Amino acid sequence: MPSLPGSPSLSKQLPSPGTALQAFLPLQRAGAMRVAIIGAGVIGLSTALCIHEQYHSLVPSLEMEVYADRYTPHTTSDGAAGLWQPYLSDHGNLQETLWNKETFDYLLGHLGSPAAKEMGLFLISGYNLFTQPVPDPSWKNIVLGFRNLTPKELELFPGYSYGWFNTALMLECRNYLPWLTNRLTQGGVKFFHKKVESFQEMFAQGVDVVINCTGVRAGELQPDPELQPGRGQIIKVLAPWVKHFIITHNIKSGIYNSPYIIPGSEFTVLGGIYQHGNWNEENSAQDHKTIWENCCRLLPALQKAKIVEEWSGLRPARPCVRLERETVRHGHFQAEVIHNYGHGGFGITIHWGCAMAAARLFGSILQEKQLASPPQPRL
């Protein structure tokens, strides 16, 4: 049985690098360890980087390969505005809140580095607006300067009677995905542009561990009725006068079905569509009209903004992230899969915490393989 997300296997700490190095020495002599990451969105590339950074020096025979049929700028991640903000409620899932926090803290640590610009990383402040009072979110102490809006601030937004202001982070994937790709390429990770049809196809090629980061398409590799598309559509406009994000919430219509405006480094993203179970990736004229009219009502100056792009994509919606190990039979052998998918509309928000958890699972596989291999004669 694979372990469930949030179970103790996720939090198993690895030994210190010194003891880990001794533990993994037999692996260096036992032939290459081949790892295939399937998927090249923010989840796939960050998981690949986290595993590579932690283990390539401990296991010099580690060979890592990324397989995907869509690369930047054609992934779901590329369509995201890039704002770090979880859903309003974590439904009591403390593990996901922790992964969100780890991601925020990791990115905040990079903010002062020269890499921040190349990564597409910067601070942004803004408003969350409601038509009625709501409980504070689980992430109020993760972001910077979280507070309730004053009556004078609420006058800026007719029709909204309650809200929050805070500073968070933007991570624009049109920069971040190429940055991750460059880091991996420099580390000797190989990239293949192909659609993987099955895990068995990978194992037949001699791959030891598959990391499944296929997002909304994960059900094609292994049925998962809990995974559904959460279709979104956005309009990108030139509106350099917009300096703050504005996210409205309609508690009745659910997450992302209410207008939002998120300014980026070059374009401002307008949105407010969430269609559960809709697999259509074509832009819809009706959705365009809904987004445009709602966002212009929220911020009338947008009527002067020039439209530069429209995009629609499928969020990998699931009741909770699937992050677990699974042992799969391949002929007479047992092969390993690490699943890391189902991040809905918060993949950028949670990606690094999940990458670190996946890397810990990979470490447990390394240790088990080392224990199972006969001791090698010392030279």
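Procedures and definitions
- Residues numbered from 1 in each chain as written.
- Predicted model: local features only at pLDDT ≥ 70, side-chain atom pairs only at ≥ 80, totals over all residues.
- Heavy atoms only, no water.
- Pairing = 2+ DSSP bridges.
- Helix = DSSP H or I, 4+ residues; strand = E, 2+ residues; numbered from the N terminus.
- Axes fitted to C-alpha atoms, helices over the stretch in contact; angles between N-to-C directions.
- Contact = heavy atoms within 4.5 Å.
- Polar contact = N/O pair within 3.5 Å; in protein donor to acceptor, adjacent residues only side chain to side chain.

One open sheet accounts for six strands, arranged E6-E2-E1-E7-E15-E14; its pairing is mixed. Only two strands of the sheet have a single neighbouring strand rather than two, namely strand E6 (190–193) and strand E14 (322–330). This sheet shows a mean twist of 20° between the axes of neighbouring strands, independent of strand direction. When strand E2 (residues 62–68) meets E6, the two strands line up parallel, connected through four bridges. Paired with tyrosine 67 across the strands is phenylalanine 192, a residue of E6. Docked against the sheet, helix H2 (residues 42–55) engages strand E1 (33–38), E2, E6, strand E7 (209–212) and strand E15 (333–341), running at close to 175° with respect to E2.

This part is about unusual backbone geometry. Among all residues except glycine, the phi angle is most often negative; among peptide bonds, the trans geometry is most common. Along the chain, threonine 72 connects to proline 73 via a cis peptide bond; the corresponding omega equals 10°. One can find proline 73 in the loop between E2 and helix H3 (76–79).

Relative to the helices and strands, aspartate 224 resides in the loop between E7 and strand E8 (228–238). At a separation of 2.8 Å, a polar atom in the side chain of aspartate 224 contacts the side chain of arginine 318. Within the structure, the side chain of aspartate 224 is placed 2.6 Å from the side chain of tyrosine 341, a separation counted as a polar contact. In this structure, aspartate 224 is in contact with Gly219, Arg318, Arg322 and Tyr341, ignoring residues within four places of it in sequence.

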